[in-house]
Amino acid sequence: MWQGVKPQSAAESERIGLGEIEAAFPNGIFPRKAIHEFVSTSPEHSAASDGFIGALLSILMENGAACVWVSTSRRLFPASLGAFNVEADRIIFMDAASEKDVLWITEEALKCEGLAAVVSELGSLSLIESRRLQLTVEQSGVTGFILRKDANKTASNVATARWQITPLPSGNEEGMPGLGFPRWQVELLKVRSGSPGSWMMQWSGDRFEEFVLEQKKIIAWPDEDRKVV
Amino acid sequence: MQKRYVSIWFRQLLADWQVLRRPELSGLPFVFVLPDHGRMLVTAVSPAALEMGIEIGMRAADAKAICPGLEVLDDKPGRAEKLLSGIGEWCIRYAPIVALDSFSLDGLLLDISGCAHLWGGEREYLKDIVSRLKSKGYVVRLAIADTPGAAWAVARFGKLTPLIKEGEHINALQTLPPEALRPEQITLDKLRKLGFYQIRSFMNMPRSVLRRRFGEDFLLRLAQALGTENEVLSPIKLPVLFSERLPCLEPVRTRKAIEIAIEKMLMALCKQLQAEGKGLRSGVLTCYRLDGQVLSVSIGTSGANHSVSHLFKLFQLKIDQIRPGLGIELFVLEAPKVDPVEVPQEEMWTSTPGLDDKSLLQLIDRVSGKVGPEVIRRYVPATRYWPERSINRARSIREKPIEQWNIDRPRPTELLQHPVAVEVMALIPDHPPRFFIYQGQRHLVVKADGPERIEREWWLDEGEHRDYYQVEDEKGCRYWIYRSGHYGLQKRHRWFLHGFFA
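Residues numbered from 1 in each chain as written. Chains lettered and ligands numbered in written order. Predicted model: local features only at pLDDT ≥ 70, side-chain atom pairs only at ≥ 80, totals over all residues.

Turning our eyes to something else, we now look at the overall build of chain A. Across its full length, chain A holds three helices and nine strands. What you see in chain A, going N to C, is helices and strands ordered as β-α-β-β-α-β-α-β-β-β-β-β. Within chain A, the fraction of its 229 residues that count as buried is 48%. (Helix = DSSP H or I, 4+ residues; strand = E, 2+ residues; numbered from the N terminus. Buried ≥ 20, exposed ≤ 12 C-beta atoms within 10 Å, placed from the backbone.)

Here it is, written out as structure tokens:
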């Protein structure tokens, strides 16, 4: 077991509605007192990450708690979060000028026990910085999401999980025109004491659904094959 | 409680001040002059020059002719005012409300209601002010009365006693000349012409008669002196109700010592606030340095708060801005803005957290203290379709959205602040694009929804409407693209990319 990681028992925390993905985490539970890192390379992918986090927030904020979204150059459009069942007026945006301020605000926000989650858009996250955030989170129990929009700057850090969300062609019913529910390729690149994997998920307006094409679980989904879907 | 006022009249303010600076001038005739319409006019006269018959308003040349050895000094506009407000600030030791005498600019008015007993009575109080000012070198005349007007009159024209007892001010005014009512020069000339040499001769005349001859202004002055009309003093310094002082035995330089000082003052201040059910909204810490420099840092809170630990944390973020130099000898902590504090009912079970969660409010205070209040934003839906204006910034953390967030119209997860022009191939009149080129990359549109026409708010800005399409390319990436305006034969239609869907 890693230092500082306390296993959650299944009774004390509810499921987050991620289905199969939750089984990848230790004890089969999505860790709430943890730092989750989301990496993306292009704006399309970061929009997918935003959407995925929005969907997670809808479950984390169910009890009425607020959320803090820290960034330097925010593009998230609050009016879009209604599609993910999130009341955007319960999100407090803090648009700081420098990365240093973002880190400071993130740490301070993670200390707030009354918050459901803290989302922080950062360029990079070093080992020491991530360690500080992880220690804060263990104290307060707030879920931390680090959105790294520049995935090229990879540095090792102590985040519990590293996710990569990429968009997939949307799912609409047979023969129907237009766009359907958003679908994503959800990849868990790294999970501490868990098993990484890759899943295809669909947000069906109020819940996650795993959709199945031919195979249920595909590890290392190659980029070129995606148009088969 | 009966209001009591003191009027302090500096008989030769500038002359006294000049003698303080240049003691060799003491007893010599000298005047201050200012240029006015191409000649030099006397603005202040020393007692020796006054005896020789030199008056204020005389020409400098005439004055020199009367008194050959006269020293003529240059005056500066606003000097008397500056000097008076300096003395006024010193006078705050006697009463919290000290105002400049705005009529003649040669005195001060003090609201001393409830102050005199601290000096052992009004007589001792007057004596103390006079002797202290005299020891500094200023010759003053004082009077205490029930109204500022009466005090002003008695200080300048009273002959019997400067101490007018409660309710006696009307009697005291009776025998004074009409100048004592602070009238304008024209009114004064009229009064003299009509033979009014004492206030009592017209004091009891019907108001309508007085108004017809001397105007509304004169009646107001009379009423203010008699006390039937209220006179508002504008204090030099507004008294701060909640403040704490901490003088240091030894000048303080270290961070730890400053922290101890802040904590000590906060404890006293918060106790005071708590007793009155008030909470601090803004706080100012002023540090008086050994070398005479004054530094101040301020904090603000989003809601009334009297918790020592929270306020201390806010000040802690500001300590870096204090440069102690050689040392700080006096700390003053003031709370210029306080609000009634809402005491939440203690709940037995942990309540559901929300926007009014205490830890969140404290976080907001800390962030606005360190980074600035402008970085904190919260949005509520607006009843408008234009995407950039469909959200409003909430004015406060307590503002509730008036309506639900819209979910029937698709809006992109990420919205670009400025739409980016893209090249598009589309069928006319209103088909979605077949493909578009964004940042040099060609995206083949596989699925599309739309158009959703959003009209521009013509009462705000001019321009074309937008036809929005939701498109998905072959990789599954989703975009929000719009065409600006209609197709036309002459003009080139323009397409823009405005956002990314999740």
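All names here are of chain B. With 12 residues, helix α4 (residues 79-90) extends 17 Å from end C-alpha to end C-alpha; this agrees with the ideal 16 Å at 1.5 Å per step. Within the sequence span of α4, burial applies to A80, L84, I87 and G88. Projected down its long axis, α4 carries its buried residues within an arc of 105 degrees, all on one side. Away from its buried face by more than 90 degrees, α4 exposes K82, G86 and E89. Where α4 is buried, its residues contact α1 (13-21), β5 (97-100) and β6 (107-111). (Expected span 1.5 Å × (residues − 1). Arc of directions from axis to C-beta. Contact = placed C-beta atoms within 7 Å.)

Moving on to the sheet that holds strand β1 (residues 5-10) of chain B. All names here are of chain B. Strand order in the open sheet formed by four strands is β5-β6-β1-β7, with antiparallel pairing between adjacent strands. Only two strands of the sheet have a single neighbouring strand rather than two, namely β5 and β7 (140-145). This sheet shows a mean twist of 20 degrees between the axes of neighbouring strands, independent of strand direction. Two strands pair when backbone bridges link them, and β5 and β6 are joined in this way by four bridges, in the antiparallel orientation. Across the sheet, residue V98 finds its bridge partner in β6, namely L110. This element, α4, spans β5 and β6 of the sheet and lies at about 170 degrees to β5. Across the sheet, helix α5 (residues 122-136) touches β1 and β7, and the angle it forms with β7 is around 160 degrees. (Pairing = 2+ DSSP bridges. Axes fitted to C-alpha atoms, helices over the stretch in contact; angles between N-to-C directions.)

This paragraph deals with the sheet that holds strand β15 (residues 414-426) of chain B. All names here are of chain B. Taking strand neighbours around the barrel as the criterion, the six strands line up as β15-β16-β17-β18-β19-β20 in a closed arrangement whose pairing is antiparallel. Adjacent strand axes in the sheet meet at a mean angle of 45 degrees when their direction is disregarded. Direction of pairing for strand β19 (residues 478-484) relative to strand β20 (residues 494-501): antiparallel, over a ladder of seven bridges. Note that in β20 the partner of S484 across the bridge is R494.

In this assembly, 45 residues from chain A lie in contact with 47 residues from chain B. Of all the secondary-structure elements, those providing two or more residues to the side of chain A that touches chain B are α1 (43-60), β3 (91-95), α2 (99-110) and β6 (161-171) of chain A. Residues belonging to the side of chain A that touches chain B are distributed by class as follows: 24 nonpolar, nine polar and 12 charged. Bridge analysis of β3(A) against strand β12 (residues 376-377) of chain B gives two bridges, and the strand direction is antiparallel. Along β12(B), the bridge assignment pairs A:F93 with B:R377. (Nonpolar A, V, L, I, M, F, W, Y, C, P; charged D, E, K, R; others polar.)

On to the pairing of strand β9 (residues 278-289) of chain B. All names here are of chain B. Sheet analysis places β9 next to strand β11 (residues 328-340), joined by 10 bridges and oriented antiparallel. Paired with R289 across the two strands is I328, which belongs to β11. Looking at chain direction, β9 and strand β10 (residues 294-305) are connected through eight bridges and run antiparallel. What sits directly across from G283, in β10, is I299.

Structurally, B:D357 is set in the loop between β11 and α14 (358-370). Excluding residues within four positions of it along the chain, B:D357 makes contact with A:A66 and A:G114.

If you check α2(A), its first and last C-alpha atoms are 16 Å apart, about what 12 residues at 1.5 Å a residue would give, namely 16 Å. If you follow the buried residues of α2(A), they end up packed against β2 (66-71), β3, β4 (115-122), α3 (127-140) and β5 (143-148) of chain A together with α14 of chain B.

All names here are of chain B. The phi dihedral of L105 is positive, around 55 degrees, even though this residue is not glycine. With respect to the secondary-structure elements, L105 resides in the loop between β5 and β6. With 13 C-beta atoms packed within 10 Å, L105 lands in the partly exposed category.

Averaged over every residue, the pLDDT of chain A is 82; the share at 70 or more is 83%. Every residue in residues 214-222 of chain A scores below 50 in pLDDT, and together they form eight contacts with partners more than four places removed in sequence or on other chains. (pLDDT = per-residue confidence, 0-100.)

Residues and elements named next belong to chain B. Running from N to C, α1 and α4 point in directions that differ by 75 degrees, and their axes come no closer than 10 Å. Classed by the angle they form, the pair α1 and α4 counts as roughly perpendicular. In contact with L13, L14 and W17 of α1, α4 contributes R79, A80, L83 and L84. Looking at the contact of α1 with α4, its residues break down into six nonpolar, no polar and one charged. (Parallel < 35°, antiparallel > 145°, perpendicular 65-115°, else oblique.)

Residues and elements named next belong to chain A. Relative to each other, α2 and α3 sit at 20 degrees, their axes nearing to 8 Å. Overall, the two elements α2 and α3 adopt an arrangement that is roughly parallel. The handedness of the crossing between α2 and α3 is left-handed. In contact with L103, T106, E107 and L110 of α2, α3 contributes E129, R132, L133, T136, V137 and S140. Here the contact of α2 with α3 is composed, by residue class, of four nonpolar, three polar and three charged. (Left-handed = near helix turned anticlockwise from the far one by under 90°.)

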